[in-house]
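Each chain is listed here by its residues.
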Amino acid sequence: MSVDTATVKRVAKLSRIAITDERAESMREELNTILGFVEQLNDVNVDGVEPMTSVVDMQMRKRMDEVTDGNIADDVTANAPASEDNFFMVPKVVE
Amino acid sequence: MLDVLATEQEITVPMEASMTELVDVRTPNPKNFFPGEDHEWELVIGLEVHAQVTSNAKLFSGASTAFGSEQNSNVSLVDAAMPGMLPVINEVCVRQAVKTGLGMNAVINKRSVFDRKNYFYPDLPQGYQISQLYHPIVGEGTITVQVGPDKAGKFETVEIGVERLHLEQDAGKSMHDQHPTMSFVDLNRSGVALMEIVSKPDIRSIDEAKAYVTKLRSILRYLGTCDGNMDQGSMRADVNVSVRKPGDDFGTRCEIKNVNSIRFMGQAIEYEAKRQIDILEDGGSIDQETRLFDPVKVETRSMRSKEEAHDYRYFPDPDLLPLEFDDAFIEEIRAELPELPDQKRTRFMEEGLSEYDASILVSDKSYADYFEQVAEGRDSKTTANWVINDLLGALNKASKDLDNSPVSPTQLGGIIDLIKADTISGKIAKDLFEIVWNEGGDPAKIVEDRGMAQVTDTGAIEAAIDEIIAANPDKVAEVREKPKMIGWFVGQVMAATGGKANPKAVNELLQKKIAE
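Being a predicted model, the structure only gives us computed values, none of them experimental.

Moving on, we come to the sheet that holds strand E15 (residues 315-316) of chain B. Residue and element names in this part refer to chain B. Across the sheet, three strands lie side by side as E5-E4-E15; this open sheet has antiparallel pairing. Strands at the two margins of the open sheet, each flanked by one partner only, are strand E5 (128-131) and E15. Here four bridges tie strand E4 (residues 115-118) to E5, and the two strands are oriented antiparallel to one another. Looking at the pairing, Asn 118 lines up with Tyr 128 of E5.

This is how it looks when you write it as structure tokens:
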């Protein structure tokens, strides 16, 4: 499997990453190298093998339904490029 | 599924294509048809309802779910998607989803998996929503809805299939009107647990769609798994609408996003059906697209900006293990199930209520709760009449909810007791109800203070009758000829006593006096 330049550009756009044509071209090559590497896994016969979801055989840990966090609006917005009254401010997005 | 980019097929194929094939289980019913130019049209509707899980904390963090808090105060570093934060699932949210599944007679999947649904939007700090696409926690189920009543007071019972229920995170909230060039983002809702309940395309009319959402909301409220408050956004629906010539294959559908009231849903479906019919009748074709309902203009319009966002690149969330539980867990929850609307309706009918009354009362949990409080120790038929005709009628007229009713169950019970004890007549009871509605107070005390009690003193009634008989000898002669004329006398006596005379006593005394 391999990707073409158009796919690279589309994935970049969906991730909101600006990418030049030149960079897309080199990205395509890099990604295809990675995909080629991963493709080696196809040589392994995995018939009847359950996908492995964890290296440890354990059940998912669950939390109690208790409020143990929050009220840290200053911390939450501390790294925001712009904020006001503990709101995040972002360039206007309207439907 | 390790190979993310290999899922290209899913990128271009809409989500539904990877799921169960759509099957038409309904027989076309002309009653539901929509008028058209050359022939009638049949609507096909499927609903995706997002119901906020009732829980104290969020789905994957310990922040509060409280509504209306200060901006970004119910946000943990997990909800804000700070680097390195890991989600840990809230066990109660899992129980609530299973309970809801059981309430819809659905298959509970003992193993389900969380996937990442990737899209970019400022109110989604993770850049993906944790959801369940391939292995939802709840599979197929059924919701039985009563559609109606029609003019004869009859209900039609319709079974609507449920395709699935899955758990997912809610997003934050953006506000666009606070600043000329910036949007404000509040993440309090970010990470709150939602159940997305997807119906099969089994709905064929606006009334059925409304009945389905009403019934689903009532089941959720009975179960206590979602408060069902659409005005606070705890329940929202995405509505899929298509039209076809009756009996044809399914047409191309449009999805109307985020409809937040049952009334708006009805308006949105009606507008959308007419729009699609107009296009098809002009020889055009429907583009499958996502649309937005504008409740002010009462129209739907295309959300072009979202077109590309449909490329969600789902893959299993590597931060979360599969969600697994055993039969004992399910049975424990099953044992906690309360009486659900269908069971309650059957019980009410066994206790002597008509199908109509029982259906109305169970349609909303608050109606049934109110009714049961008043009916405790009182006649259920009389109570049902007062709750449905008088109270719900008045609330409807005043556009009020039962939760904000000016008349409490205790007050309404008091009024019914006064009728039962013959202290007031049914007619005076209506006046009393209005006073309690407007001014509040204890019904018994109001009756006493304002002298509204029935005149049971036969002497006073007799005096009034004697006076009227003496003043109207011609009428007396007439009524002896035509006994039905007695109504006129009853009216006169009631007027003379300010409506307070006991009608039964008046009748008896009149019969006697006139015969003399």
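Let's pick the thread back up.
Another aspect to go through is the domain arrangement of chain B. Under the domain assignment used here, chain B contains domain 1 (18-309) and domain 2 (458-515). Look at where the C-alpha atoms of domain 1 of chain B and domain 2 of chain B centre, and you get two points 63 Å apart.

Listed as interface residues are 53 residues of chain B and, on the opposing side, 43 residues of chain A. Summing the contributions of chain B and of chain A, the shared interface buries around 4,600 Å²; its carbon and sulfur component is 61%. Summed over the shared surface of chain B and chain A, the result is one salt bridge. Ionic pairing is found between Arg 10 of chain A and Asp 311 of chain B, a salt bridge with its closest N-O pair at 2.4 Å. At the boundary of chain B with chain A, the tally comes to 19 residue pairs in polar contact (both at pLDDT 80 or more). When residues of the side of chain B that touches chain A are traced back to their parent elements, those giving at least two are helix H1 (8-12), strand E2 (89-90), helix H2 (91-103), strand E9 (182-186) and strand E16 (323-324) of chain B. In terms of residue count, E9 of chain B provides more of the side of chain B that touches chain A than any other element does, five residues in total. Across the side of chain B that touches chain A, the residue classes break down as 28 nonpolar, 15 polar and 10 charged. As defined by bridge partners, strand E3 (residues 87-91) of chain A adjoins E9 of chain B across four bridges and the pair is classed as antiparallel. Of the residues in E9 of chain B, the one forming a bridge with Met 89 of chain A is Phe 184 of chain B.

What follows is about the packing of helix H14 (residues 473-481) of chain B against helix H15 (residues 486-496) of chain B. Residues and elements named next belong to chain B. Close contact between H14 and H15 brings their axes to 9 Å; oriented N to C, the two are set at 135 degrees. Taken as axis vectors, H14 and H15 run oblique relative to one another. From H14, Lys 475, Val 476 and Val 479 reach across to H15, where they touch Ile 486, Trp 488 and Phe 489. Of the residues that constitute the contact of H14 with H15, the class distribution is five nonpolar, no polar and one charged.

All names here are of chain B. Under the 1.5 Å per step criterion, the end-to-end length of helix H13 (residues 458-471) is 20 Å for 14 residues, consistent within 8% with the ideal 20 Å. All of the buried residues in H13 are Ile 461, Ala 464, Ile 465, Ile 468 and Ile 469. All buried residues of H13 fall inside an arc of 130 degrees around its axis, so they share one side. H13 presents Glu 467, Ala 470 and Ala 471 as exposed residues on the side facing more than 90 degrees away from its buried surface. Structurally, H13 contributes buried residues whose contacts are with H14, H15 and helix H16 (503-515).

Moving on, we come to the packing of aromatic side chains. All names here are of chain B. What the rule picks out here adds up to 11 aromatic pairs over all chains. Ring centres 5.9 Å apart and planes at 50 degrees place the aromatic pair Phe 264 and Phe 293 in the tilted group. Taken as a pair, Phe 264 in helix H4 (residues 262-281) and Phe 293 in strand E13 (residues 290-294) lie far apart in primary sequence, 29 residues in all. Accessibility expressed as a relative area gives 10% for Phe 293, which makes it buried. Ring centres of Trp 488 and Phe 489 lie 5.0 Å apart, and the angle between their planes is 90 degrees; this geometry places the pair in the edge-to-face category. Classification of Trp 488 as partly exposed rests on a relative accessible area of 28%. Ring pairs connect the aromatic residues Tyr 119, Tyr 312 and Tyr 314, which therefore count as one cluster. The ring centre of Tyr 312 lies 4.3 Å from the NZ or CZ of Lys 117, which sits over that ring.

Attention now goes to the pairing of strand E7 (residues 156-169) of chain B. Residues and elements named next belong to chain B. Within E7, 11 of the 14 residues are buried, leaving the element largely enclosed by the surrounding structure. The pairing of strand E6 (residues 141-147) with E7 spans seven bridges and is antiparallel. Bridged to Ile 143 within E7 is Ile 160. Here seven bridges tie E7 to strand E10 (residues 193-199), and the two strands are oriented antiparallel to one another. Paired with Leu 167 across the two strands is Met 195, which belongs to E10.

Quick notes on the rules
- What you see as residue numbers is a count from 1 along each chain, following the sequence as written.
- Think of it this way: whatever chain is written first is A, whatever ligand is written first is 1, and the rest follow in order.
- Residue-level local features of this predicted model are given only where pLDDT is at least 70; pairs of side-chain atoms are given and counted only at 80 or more, and the full residue set underlies all totals for whole chains, interfaces and linings.
- Think of the side-chain values as coming from all heavy atoms in the structure, minus any hydrogens and water.
- The criterion for strand pairing is that DSSP finds at least two bridges linking the strands in question.
- Helical segments are the DSSP runs of H or I of at least four residues, strand segments are the runs of E of at least two, and each set is numbered from the N terminus.
- In this document the domain limits rely on a domain assignment from an automatic tool or a database.
- Any two residues whose heavy atoms approach within 4.5 Å at even a single point are treated as in contact.
- A 1.4 Å probe defines the accessible area here, and the buried area is the portion of it lost by two parts on being joined, summed over both.
- For this document, the term salt bridge refers to a Lys or Arg side-chain nitrogen within 4 Å of an Asp or Glu carboxyl oxygen.
- Contacts described as polar in this section are N or O atom pairs within 3.5 Å, which, within protein, must combine one atom able to donate a hydrogen with one able to accept it, while residues neighboring in sequence count only if both atoms come from side chains.
- Amino acids outside the nonpolar list (Ala, Val, Leu, Ile, Met, Phe, Trp, Tyr, Cys, Pro) and the charged list (Asp, Glu, Lys, Arg) are all regarded as polar, and Gly is one of them.
- Helix axes are fitted only over the stretch in contact, all axes being lines through C-alpha atoms; the angle between N-to-C directions runs from 0 to 180 degrees.
- Orientation is classified from the angle alone, with under 35 degrees giving roughly parallel, over 145 giving roughly antiparallel, 65 to 115 giving roughly perpendicular, and any other angle giving oblique.
- Expected span of a helix: the number of residues minus one, times 1.5 Å.
- Working definition: with a 1.4 Å probe on protein chains only, accessible area under 20% of the residue-type maximum means buried, over 50% means exposed, and in between means partly exposed.
- This arc corresponds to the set of directions leading from the helix axis out to the C-beta atoms.
- Aromatic rings from Phe, Tyr and Trp, taking only the six-membered ring of Trp, are treated as a pair when their centres fall within 6.5 Å; an angle between ring planes under 30 degrees marks them as stacked, one over 60 as edge-to-face, and anything in between as tilted.
- For a Lys NZ or an Arg CZ to count as sitting over a ring, it must be within 6 Å of the ring centre and within 35 degrees of the ring normal.

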